[in-house]
Amino acid sequence: AHPTAPPQLLATLSGHTDRVWCVSWSPDGTTLASCGADKTIRLWTRDTAPNTWTCKVILEDAHERTVRRVAWFPDGTKLAAASFDGTVSVWRRTASTWEVGAVLEGHENEVKCVDVDQAGVFLATCGRDKTVWIWELMDVGSGGGDAMDTDAGADEGLQPLEFECADLKRGHGGDVKSVVWHPCQPFFVSTSYDDSIRVWAHDPARDEWRCAQELADTASGGSAGHKGTVWNAAFEPMPARRDANAECRLATCSDDRGVIVWSATAAPGATADDPPQFHVQQSLADVHERSVLSIDWSRTGVFATGGSDDAICVYREAGLNHPFERVARVEHAHEGDVNCVTFCPAVGEDGSALMATAGDDKMVRLWTI
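The paragraphs below set out a description of the structure included in this document. Counting from 1, residues in each chain are numbered in the order their sequence is written. Totals for whole chains, interfaces and linings use all residues, but because this is a predicted model, local features are given only for residues with pLDDT of at least 70 and pairs of side-chain atoms are given and counted only at 80 or more. Heavy atoms throughout the structure, all of them, feed into the side-chain values; hydrogens and water do not.

Remarks on the overall build of the protein chain
Here is the rule we go by: The way it works is that DSSP assigns letters per residue, a run of H or I at least four long becomes a helix, a run of E at least two long becomes a strand, and they are numbered from the N terminus. Accessible area is worked out with a 1.4 Å probe on protein chains only. A residue is then buried under 20% of its type maximum, exposed over 50%, and partly exposed in between. Reported accessibility uses the Shrake-Rupley method at a 1.4 Å probe radius. Residues are deemed covered only where the shown protein chains occlude them.
When helices and strands are counted, the protein chain shows zero helices and 28 strands. Judged by the C-alpha coordinates and their principal axes, the protein chain covers about 55 × 55 × 40 Å. Within the protein chain, buried positions represent 56% of all 369 residues. Total accessible area computed for the protein chain in this model is approximately 15,400 Å², and 44% of it derives from carbon and sulfur atoms.

Focus on the sheet that holds strand β17 (residues 208-215)
The cut-off we apply is this: The pairing criterion for strands is at least two bridges between them, as found by DSSP. Axes here refer to lines fitted to C-alpha atoms; in helices the fit is confined to the stretch in contact. Angles between the N-to-C directions go from 0 to 180 degrees.
The strand order across the open sheet formed by four strands is β14-β15-β16-β17, and the pairing between neighbours is antiparallel. Edge positions in the sheet fall to β14 (176-181) and β17, since each of these pairs with one other strand and no more. The mean inter-strand angle of the sheet, taken between neighbouring strand axes irrespective of direction, is 25 degrees. Judged from the five bridges that link them, strand β15 (residues 187-192) and strand β16 (residues 197-203) form a sheet pairing that is antiparallel.

A closer look at the state of the cysteines
Linking two cysteines covalently through their sulfur atoms gives a disulfide. Rule in force here: Note that a disulfide, as used here, is simply two cysteine sulfur atoms within 2.5 Å.
In the structure shown here, the tally under the stated rule is zero disulfides. Of the cysteine sulfurs around C211, a residue in no disulfide, the closest is that of C126, at 14 Å. This cysteine, C340, is not joined by any disulfide, and C22 carries the nearest cysteine sulfur, 4.3 Å off. By relative accessible area, C340 is classed as buried at 8%.

Description of the pairing of strand β19 (residues 248-254)
Successive side chains on a regular strand alternate, one facing one side of the sheet and the next facing the other. With seven of seven residues buried, β19 is to be regarded as a mostly interior element. Covered by surrounding structure in β19 are C248, L250, T252 and S254 together with R249, A251 and C253, the residues of both alternating faces. Sheet analysis places strand β18 (residues 230-235) next to β19, joined by five bridges and oriented antiparallel. Residue pairing across strands places V230 opposite S254, the latter belonging to β19. Across six bridges, the pairing between β19 and strand β20 (residues 259-265) is antiparallel.

A short note on the pattern of salt bridges
Worth spelling out the cut-off: By definition, a salt bridge exists where a carboxyl oxygen of Asp or Glu is found within 4 Å of a side-chain nitrogen of Lys or Arg.
Inspection of every chain in the model, using the stated rule, returns 19 salt bridges. A salt bridge links R19 to D360; the nearest nitrogen and oxygen atoms lie 3.5 Å apart. Taken together, the residues span a long stretch of sequence, with R19 in the loop between β1 (8-13) and β2 (20-25) and D360 in the loop between β27 (354-359) and β28 (364-368) at a distance of 341 residues. For R19, a relative accessible area of 31% puts it in the partly exposed group. Between D47 and K56 there is a salt bridge whose closest N-O contact spans 4.0 Å. Here D47 falls in the partly exposed class, since its relative accessible area comes to 28%. For K56, a relative accessible area of 51% gives the class exposed.

What about the nonpolar core?
Our working definition: In these notes, a set of buried Ala, Val, Leu, Ile, Met, Phe, Trp, Tyr and Cys residues joined through side-chain atoms within 4.5 Å is what counts as a nonpolar core. Here, two residues are considered to be in contact whenever any of their heavy atoms come within 4.5 Å of each other.
Within the largest apolar cluster, 29 residues are counted, with the highest numbers of intra-cluster contacts made by L13, W25, L32, I41, L43, L79 and L366. Considering each element in turn, this core owes the most residues, four residues, to β2. Those residues within four positions of L79 in sequence are excluded, and the remaining contacts are A33, I41, L43, L59, V70, A71, W72, F73, S89, V90, W91 and W98. Counting 17 residues, the second largest nonpolar core, distinct from the first, contains F73, V116, L137 and L161.

Some remarks on the packing of aromatic side chains
Going by this rule: Aromatic contacts are taken between Phe, Tyr and Trp rings whose centres are within 6.5 Å, Trp giving its six-membered ring; a plane angle under 30 degrees counts as stacked, one over 60 as edge-to-face, and the others as tilted.
Per the stated rule, a full pass over the model turns up 16 aromatic pairs. Summarising the aromatic geometry, the rings of F122 and W209 are spaced 5.4 Å apart at their centres and angled 75 degrees between planes, so their arrangement reads as edge-to-face. Within this pair, whereas F122 is found in strand β11 (residues 122-127), its partner W209 is found in strand β17, the two being separated by 87 residues in sequence. An aromatic cluster is defined as three or more aromatic residues linked by ring pairs; in this entry it consists of F122, W181, F188 and W209.

Focus: empty space enclosed by the protein
Unfilled space is identified by rolling a water-sized probe across the atoms. This is how the line gets drawn: Points on a 1 Å grid over protein atoms alone make up a cavity when a 1.4 Å probe fits among them but cannot get out, and a pocket when they form an open set with protein on both sides within 12 Å along at least five of seven lines; lining residues each have an atom within 4 Å of a point. Grid points are joined across faces, edges and corners, and a volume is the space filled by probe spheres set on the points. For this classification, the nonpolar set comprises Ala, Val, Leu, Ile, Met, Phe, Trp, Tyr, Cys and Pro, the charged set comprises Asp, Glu, Lys and Arg, and every other residue, Gly included, is treated as polar.
Under the counting rule described, the total for this entry stands at one cavity of 30 Å³ or more. Taken together, W21, R68, R69, W231, N232, L293, S294, N339 and C340 make up the full set of residues lining the largest cavity. Those elements that provide at least two residues to the lining of the largest cavity are β6 (67-72), β18, β22 (292-297) and β26 (338-343). Considering only residue class, the lining of the largest cavity consists of four nonpolar, three polar and two charged.

In C-alpha cells, the structure reads:
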C-alpha cells in the first residue's frame, strides 16, 4: 500500500450494542480490544480466512456505566479499562479466560482515560474531576501499604493485583480527556478541556510527579497551542536505531479542528529524569470540518485522525525536514463520530499499516494504509 493511497476498508466488526469509544491493539498486534457504552470490552482476533476477525471474548460485569478507554500492558497479559462509573478495572489473562485482577477507585466521577507505561509498572488515569492519577503496580503478594485490590482470582488461587496511588495531580482547569505515556521514556502527557497539554515526569528527589511543561496557547508564552479542548495525543513511535538524544515528536488534536505536531530535544544540562522540552513544529489548521477526536501515529511514518465529521484523515511528510501534509481523507468512515483511530504495532510485509477505528455507529472498522 502506497502511503498516499487512501485507506482501504478491510473489515467491519459488529457486536457492540451501543457506541464504540475506543479500540486498542495488543503489543504483538494479534488481538484488538474494543470498548464502549454497552459497558463491555470485546477482544477480536484474526481468523484464517483473509480479512476476517472474530470476537473471541466479551469482558463484562465489571462496570456499571460506559467503558471509555482500554489499554494493554506491554506483556499482553493484562488490560486496563477506564469507566464513567468512576473506576478503572485491570483484567488479567488466566489459563482459561480473563478475570478482573483489581479495581482502582479514587476519581470522583467519570474516568476518561487510562494508559500504561512502557515498563508495565505505572498507570496514569484522568477524568472529569480535573485530576490525573498515577498508580503503581506492586509486587504481587508483597503486601504493600495502602494498596487497592479485589478478591478477584481467589477461585483459581491467584493473588489479587495490588496497586498503590503513587500521586494525584490537580494541574488542569477542566475535564482531563486523555493521558498518553511516551513509548520508551518515563514521562507522559495529559490533554484537557482547558485547551492545554501537560507533560508529567517523576521527580526522584521528592518522590513525586511534577508538571515539567505546559503546552498552551498563551500570548506571553508564545507556544501557539490549541484554541479548544485537546482531545487526544500520540507520540511518534521510536525506531530502534534512534538514540536517547534523538528528536521526540508528539501530535495532538482538538476541538479547534486542527492538529499540532510538537518537537522536542533534550534541554541543555538536562538529567535522565528530565523530559525533553516541546515546541510547535507545525500546526495543521482545519483538517476536519468539526472536532478532531482521536489521533495515532504509525510505525510506517504516517499519522491519522478521526473526527466528529465522521471522517478519517491521513498525513505524511514528503521527506526529511518537509512539513506534514494531509494526503488522504475518507468521508463517512463511520455513520457518526469517529471516536478512536489506532495503528497496529505490526507493520505488513509490504510496508502497509493496519488501522482500527471506532464509531458512534456501534461499529469497529479495519483499514489498510
